[in-house]
Amino acid sequence: MDRAQKEKVVEELGQIFESSGVVVVAHYAGLTVAEMQDLRARMREAGGSVRVAKNKLAKIALEGKPCASIADLLTGMTVLTYSEDPVAAAKVAEGFAKDNSKFEILGGAMGETALDRAGVKAVSDMPSREELIASIAGCIGAPASNIAGAIGAPASNIASILSTIEERAEAA
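Residues numbered from 1 in each chain as written. Predicted model: local features only at pLDDT ≥ 70, side-chain atom pairs only at ≥ 80, totals over all residues. Heavy atoms only, no water.

Within an unreviewed UniProt entry, the label attached to the chain reads Large ribosomal subunit protein uL10, and the organism entered is Rhodovulum marinum. The heading Sequence similarities (unreviewed entry) in the UniProt record of the chain holds the text "Belongs to the universal ribosomal protein uL10 family." Checking UniProt for the chain, the heading Function (unreviewed entry) contains the comment "Forms part of the ribosomal stalk, playing a central role in the interaction of the ribosome with GTP-bound translation factors." (UniProt positions renumbered as here; feature names shortened; annotations may be inferred.)

Here's what the structure looks like:
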């Protein structure tokens, strides 16, 4: 790579470090191309991305960024998984690490908060943005359906009582 290409990579990495909700750093030594493509596909489905870059360039890009604390993790063959959703990249990385022993999660960052291996695991166990929105929508919708049920119930009870009275009158 010439200097202009390196500067472009540093700028791209800087954007990643600034805009991502979570960045997970892992070693990927020994992964096949097919396994790496699988990781990329899983991450893309979850709304995240995977990036392999020279550690030196990544460290330069980290200077002055909120997640600068992960610079110490950038040694050896590292891969960056990241997403805007603060949980997605951690979930996918954890799932992939379970399936592939060669994929070793080192840690990461969530904004200015540095995450160790256990921290990444804890983040991956949290519900995603979509799951939270669904549960909030369910909580908001539940009272409305309860009210509608409560209002509708007496009417149906009255209707069944009237039909019973009507049936008795016809029988007599």
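A.B. asks: What should I look at first to understand the overall build of the chain in this one?
C.D. replies: Along the chain, the regular secondary structure elements total 6 helices and 5 strands. For the chain, the N- to C-terminal ordering of α and β elements is α-β-α-β-α-β-α-β-β-α-α. For the chain, contacts bridging at least 24 residues in sequence account for 78% of all contacts bridging at least 6. (Helix = DSSP H or I, 4+ residues; strand = E, 2+ residues; numbered from the N terminus. Contact = heavy atoms within 4.5 Å.)

A.B. asks: Would you take a moment to explain the packing of helix α1 (residues 3-19) against helix α3 (residues 55-62) for this structure?
C.D. replies: Packed helices, taken two at a time, are described by the angle their axes make and the gap between the axes. One can describe the packing of α1 onto α3 by two numbers: an axis separation of 8 Å at closest approach and a directional angle of 55 degrees. With respect to α3, the axis of α1 lies oblique. Where α1 crosses over α3, the two elements pack in a sense that is right-handed. Where α1 abuts α3, its residues Lys-6, Val-9, Val-10, Leu-13, Gly-14 and Phe-17 lie against Leu-57, Ala-58, Ile-60, Ala-61 and Leu-62. (Axes fitted to C-alpha atoms, helices over the stretch in contact; angles between N-to-C directions. Parallel < 35°, antiparallel > 145°, perpendicular 65-115°, else oblique. Left-handed = near helix turned anticlockwise from the far one by under 90°.)

A.B. asks: Just to check I follow, could you spell out the pairing of strand β3 (residues 78-83) for this structure?
C.D. replies: The buried fraction of β3 amounts to 6 of the 6 residues, a majority that puts the element mostly inside the structure. Side-chain alternation along β3 places Thr-78, Leu-80 and Tyr-82 on one buried face and Val-79, Thr-81 and Ser-83 on a second face that is also buried. Alignment of strand β1 (residues 22-27) against β3, held across 6 bridges, turns out to be antiparallel. Within β3, the residue paired with His-27 across the bridge is Thr-78. Relative to β3, strand β2 (residues 48-51) is paired through 4 bridges, and the arrangement is antiparallel. Counterpart to Gly-48 in the pairing with β3 is Ser-83. (Buried < 20%, exposed > 50% of the residue type's maximum accessible area, 1.4 Å probe, protein only. Pairing = 2+ DSSP bridges.)

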